[in-house]
Amino acid sequence: MTKHVHSVLRTSPGSMLVEEQFIRQYYRSIYLDFSLTPRDKAFWLTRILKPWPLVHQAKLLCLLYGPARNDEPQWWELSDYLPANQNEAKVDLLELAQAIKLLQRYSKDWSDDDIISVLEELTEIPEEWLYENVATLYLLCGEPVTVMMMGNKLLNGKITELTNLVAHLALVCQKHHSSMNWLMDLLDKVCEVTDNGCDKQKFIELIPTAFHDVTLDLYEVADLGNIGIKYESYEQYFVIRTCS
C-alpha cells in the first residue's frame, strides 16, 4: 500500500484515478469508517498521514475526505465551483472538516502549527480554493480551528486575505442561517491573538472594503440578487458593530 500511496502523492491530482479510488476505499473501509470512537479515528488518521511530508499530508487528507462522487475524488471542485446550497456544501466539506477537528481535538501528535500548515496546504490543492469554499470549511471546522487559522493570518500580517475571509464567512453564515453574533464573537477572539494595535486597526479599516467587493460580486450574478440584498444588511450590521 505504501508504494501505491507514494506513487499517487508524487503525481498530479487525478492522473492515477484507479489508484486514488483504491487508496480512499482501502483506508476508509479498513481503518477509518469503522473506528469505534473519535479518538480511535484520530489515532488511525494520524498513523496514515504523519509518515509523509507536510504537502503530501494535505493531499492525502483531501484524497481521503475531500469531495468525491462514488469514491472518485473531485479534485477541482473547490477551486472552480461553489456549492449550490447548504446541503451540497456539507456533502463536499463536512467530512473534511470533521477530520481536521478530530486531529486538533484528539491527537497529541498534531500541534497548532501542524494543523495550520496542513490547512494552508489543503486549501491550495490542486489550486487555490475559492474564498467562499475556504470560509465554508472554516465554519464547519468550528470556532477553535477558525480562531487559530485566522489569528495566524493576523499575526503574519495577511490582513487583506483575512478581511476577504471575514466577508466570505459572513456570506456563508447568511447562506447557512448561522448567527452573525457568532462571527462577531469569533473576530473578538481573533483580535485577542495579537498586541499589535496597527495590525488590528488596519484589519478593522479594511473590512468594509472586503464586504463591498463581495456585494458587487453577488450582484453580478443575476440569480443571486436576493442574497446580495440580504448580504448588504449583514454588511451594514457588521460595520456598525466593528466601529462601535
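Because the structure is predicted, anything quoted here is derived from the model rather than measured.

Conventions used here
Residues numbered from 1 in each chain as written. Predicted model: local features only at pLDDT ≥ 70, side-chain atom pairs only at ≥ 80, totals over all residues. Heavy atoms only, no water. Helix = DSSP H or I, 4+ residues; strand = E, 2+ residues; numbered from the N terminus. Buried < 20%, exposed > 50% of the residue type's maximum accessible area, 1.4 Å probe, protein only. Contact = heavy atoms within 4.5 Å. Areas by Shrake-Rupley, 256 points an atom, 1.4 Å probe, with all protein chains shown as cover. Axes fitted to C-alpha atoms, helices over the stretch in contact; angles between N-to-C directions. Parallel < 35°, antiparallel > 145°, perpendicular 65-115°, else oblique. Left-handed = near helix turned anticlockwise from the far one by under 90°. Phe/Tyr/Trp six-rings, centres within 6.5 Å; stacked < 30°, edge-to-face > 60°. Salt bridge = Lys/Arg side-chain N within 4 Å of Asp/Glu carboxyl O. Polar contact = N/O pair within 3.5 Å; in protein donor to acceptor, adjacent residues only side chain to side chain.

Peer 1: Which parts of the structure should I look at to understand the overall build of the protein chain?
Peer 2: From N to C terminus, the protein chain includes 13 helices and two strands. Counting over 244 residues, the protein chain shows a buried share of 46%. Pairs at least 24 residues apart make up 70% of the contacts formed inside the protein chain by residues separated by at least 6 positions. Counting only carbon and sulfur atoms, one obtains 50% of the accessible surface of the protein chain, whose full area is about 12,100 Å².

Peer 1: I would appreciate a short explanation of the packing of helix 4 (residues 54–65) against helix 6 (residues 86–106) in the present structure.
Peer 2: If you want to describe how two helices pack, look at the angle between their axes and the distance between the axes. Following both chains from N to C, one finds helix 4 and helix 6 inclined at 130°, their axes separated by 9 Å at the closest point. Taken together, helix 4 and helix 6 sit at an angle that is classed as oblique. Considering the relative orientation of helix 4 and helix 6, their crossing is right-handed. Judged by residue contacts, L61, C62 and Y65 of helix 4 engage D92, E95, L96, A99 and I100 from helix 6.

Peer 1: Would you mind going over unusual backbone geometry with me for this structure?
Peer 2: Note on backbone geometry: most residues besides glycine have negative phi, and most peptide bonds are trans. Along the chain, I125 connects to P126 via a cis peptide bond; the corresponding omega equals -5°. A positive phi angle is found at N70, which is not glycine, with a value near 55°. For N70, the position within the fold is in the loop between strand 1 (68–69) and strand 2 (72–73). Here N70 falls in the exposed class, since its relative accessible area comes to 76%. You will see that H177, though not glycine, has its phi angle at about 60°, which is positive. Judged by its relative accessible area of 69%, H177 is exposed.

Peer 1: Would you mind showing me how to read the packing of aromatic side chains here?
Peer 2: Think of a pair of aromatic rings as described by two things: how far the centres are apart, and how the planes are tilted against each other in angle. Applying the stated criterion across every chain yields a total of six aromatic pairs. Considering the side-chain rings of F43 and W44, the 5.1 Å spacing of their centres and the 75° angle between planes classify their relative orientation as edge-to-face. Given the relative accessible area of 41%, F43 is considered partly exposed. One aromatic cluster is present, formed by F22, Y26, Y27, Y31, F43 and W44 through successive ring pairs.

Peer 1: What is the right way to look at the pattern of salt bridges in this model?
Peer 2: Side chains that differ in charge, positive against negative, can pair when their charged atoms come close. If you walk through the whole model with that rule in mind, you get eleven salt bridges. For R24, the salt bridge identified is with D71, shortest N-O distance 3.2 Å. Placement of R24 in helix 2 (residues 17–32) and of D71 in the loop between strand 1 and strand 2 is noted, with a sequence separation of 47 residues between them. Given a relative accessible area of 6%, R24 falls into the buried group. With its nearest N and O atoms 3.3 Å apart, the salt bridge here joins R47 to D109. Placement of the pair is R47 in helix 3 (residues 38–49) and D109 in the loop between helix 6 and helix 7 (112–122), with a sequence separation of 62 residues. Among the residues examined, D109 registers a relative accessible area of 40% and is labelled partly exposed. Through salt bridges with shared partners, one network takes in R28, D33 and E95.

Peer 1: Would you mind showing me how to read the environment of H6 here?
Peer 2: By the element assignment, H6 lies in helix 1 (residues 2–10). Taking the relative accessible area as the measure of exposure, H6 reaches 35% and is therefore partly exposed. Linking H6 and W52, residues 46 residues apart in sequence, is a C-alpha distance of 8.9 Å.

Peer 1: Explain the side chain of T123 to me, please; I cannot follow it from the model alone.
Peer 2: In this fold, T123 is placed in the loop between helix 7 and helix 8 (131–141). Setting aside residues no more than four positions away along its own chain, T123 makes contact with E128, W129, V134 and L137.

Peer 1: So what exactly am I meant to see when it comes to the side chain of S35 here?
Peer 2: With respect to the helices and strands, S35 occurs in the loop between helix 2 and helix 3. At a separation of 2.8 Å, a polar atom in the side chain of S35 contacts the main-chain carbonyl oxygen of Y31. Leaving out residues up to four positions away in the same chain, S35 has contacts with D40, K41 and W44.

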